[in-house]
Amino acid sequence: MRKNIVAGNWKMNTDLVAGLQLAKEVVEKSSQLSDNVSLIIAPPFTHLALVAKELEGSKVALSAQNCADKEAGAYTGEVSVDMLKSVNCQYTILGHSERREYYGETDAKLVEKIKLALAKGIDVIFCVGENLEQREANKHFDVVTEQTMNVLNHFSAEDMKHIVVAYEPVWAIGTGKTASSEQAQEIHECIRKVLAEKFGVEVAEETSILYGGSCKPANAKELFAQKDIDGGLIGGAALKAEDFIQIALSF
Ligand code: PGA
């Protein structure tokens, strides 16, 4: 059975004090959750080591929001997967549309990053999603298929045990505009089909595919009830522990 996952992407929000407080509240409230959902939080790099301490002994896992495409050395400003590993990070988000759009993250770079993460035992939340122009031109299925395969073609069925896919339509991120549950479901189904063609039905059925884009307590239940939606990657609503936990309680 594939895992249900709710992951909080804090983006560039919270200073250290506020971040630790938020992590603490998430841990406290996570005791309300049953075992049918895994909870992950992805604070900024500066918070990871101390947030990891807050998460000790809890059921909340720790993720980074990005990692370097190089192993170590003279790469000023970068953070390596070994560094993430050393602060007990279990996951990293990769390929978020904000990274692709504002920081020129290419498919080729993403392949390198995912390879490094998996080699070091860090699981990956790999993001795909079309922008508004592509959706309006009715190209969303093609765009998402291409984004998914350009990168995942370089990986094996075994690697897929450590990769979660997140579908995040760019037009729904931080806009308050959520994809309808039908719009999200049909893309998730398409992603699962593409995974089945490449890796086989069994791998596709075992891969968690999360929805992201203005997911909140009010719409999570309907989204998560869809056959191919296995949880959410949550931005804005992950900055309030109560909302984040309410979303996780929507399964
Ligand atoms: P949002 O962000 O929930 O604020 O729309 C989601 C994301 O970008 O991961």
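Everything discussed here concerns the structure shown above.
A short tour of the structure in this document, coming up. Nothing here was measured: the structure is a model prediction, and the numbers come from that model. (Residues numbered from 1 in each chain as written. Predicted model: local features only at pLDDT ≥ 70, side-chain atom pairs only at ≥ 80, totals over all residues. Heavy atoms only, no water.)

## Quick word on the site of the ligand
Thought 1: Around the ligand, a shell composed of 13 residues is seen, among which K11, H96, E168, G174 and S214 lie nearest.
Thought 2: In the model, an oxygen atom of the ligand is placed 2.7 Å from a nitrogen or oxygen of the K11 side chain.
Thought 3: Between an oxygen atom of the ligand and a main-chain N or O atom of G236, the distance comes to 2.8 Å.
Thought 4: Protein contact buries 95% of the 280 Å² of open area that the ligand shows by itself. (Near = heavy atom within 4 Å. Polar contact = N/O pair within 3.5 Å; in protein donor to acceptor, adjacent residues only side chain to side chain. Areas by Shrake-Rupley, 256 points an atom, 1.4 Å probe, with all protein chains shown as cover.)

## Some details on a negative patch on the surface
Thought 1: A cluster of acidic residues, E182, E186, E189 and E222, forms a negative patch on the protein surface.
Thought 2: Its relative accessible area of 34% is what places E186 among the partly exposed residues. (Patch = residues over 30% accessible without salt bridge, like charges linked within 9 Å, V, L, I, M, F, W, Y side chains within 5 Å. Salt bridge = Lys/Arg side-chain N within 4 Å of Asp/Glu carboxyl O. Lys, Arg positive; Asp, Glu negative; His and termini not counted. Charge placed at Lys NZ, Arg CZ, Asp CG, Glu CD. Buried < 20%, exposed > 50% of the residue type's maximum accessible area, 1.4 Å probe, protein only.)

## So, the sheet that holds strand β4 (residues 91-94)
Backbone-to-backbone hydrogen bonds join strands into a sheet, with any given pair of strands oriented parallel or antiparallel.
Thought 1: An order of β1-β2-β3-β4-β5-β6-β7-β8 is seen for the 8 strands of this closed barrel, with the pairing classed as parallel. Sheet twist, expressed as the average angle between the axes of neighbouring strands with direction ignored, equals 25 degrees.
Thought 2: Bridging between strand β6 (residues 163-167) and strand β7 (residues 209-212) involves 3 bridges; their strand directions are parallel. Paired with A166 across the two strands is L210, which belongs to β7.
Thought 3: The strands that helix α2 (residues 48-55) touches are β2 (38-42) and β3 (60-64); relative to β3, the one it contacts most, it runs at about 170 degrees.
Thought 4: Helix α7 (residues 140-152) contacts β5 (123-128) and β6 of the sheet and is inclined by roughly 150 degrees relative to β5. (Pairing = 2+ DSSP bridges. Helix = DSSP H or I, 4+ residues; strand = E, 2+ residues; numbered from the N terminus. Axes fitted to C-alpha atoms, helices over the stretch in contact; angles between N-to-C directions. Contact = heavy atoms within 4.5 Å.)

## Some remarks on the pairing of β5
Thought 1: Along β5, 6 of the 6 residues are buried, which leaves the element largely enclosed by surrounding structure.
Thought 2: Side chains of β5 alternate between two faces, with D123, I125 and C127 and V124, F126 and V128 buried alike.
Thought 3: Strand direction decides the pairing type here: β4 and β5, joined by 4 bridges, are parallel. Looking at β5, one finds that I93 is bridged to I125.

## Some thoughts on the layout of surface pockets
Thought 1: The space that makes up the largest pocket amounts to roughly 440 Å³.
Thought 2: Taken together, 15 residues make up the lining of the largest pocket; nearest its centre are K11, M12, Q65, R99 and Y103.
Thought 3: The greatest single-element share of the lining of the largest pocket, amounting to 3 residues, is contributed by helix α4 (residues 97-102).
Thought 4: A class-by-class count of the residues in the lining of the largest pocket yields 8 nonpolar, 4 polar and 3 charged. (1 Å grid on protein atoms, 1.4 Å probe; cavity = no way out; pocket = protein on both sides within 12 Å on 5 of 7 lines; lining within 4 Å. Points joined across faces, edges and corners; volume = space filled by probe spheres on them. Nonpolar A, V, L, I, M, F, W, Y, C, P; charged D, E, K, R; others polar.)

## Quick word on the environment of S97
Thought 1: Here S97 is to be found in helix α4.
Thought 2: Taking the C-alpha atoms as reference points, S97 and K240, 143 residues apart in sequence, are found 22 Å from one another.
Thought 3: Excluding residues within four positions of it along the chain, S97 makes contact with V170 and I173.

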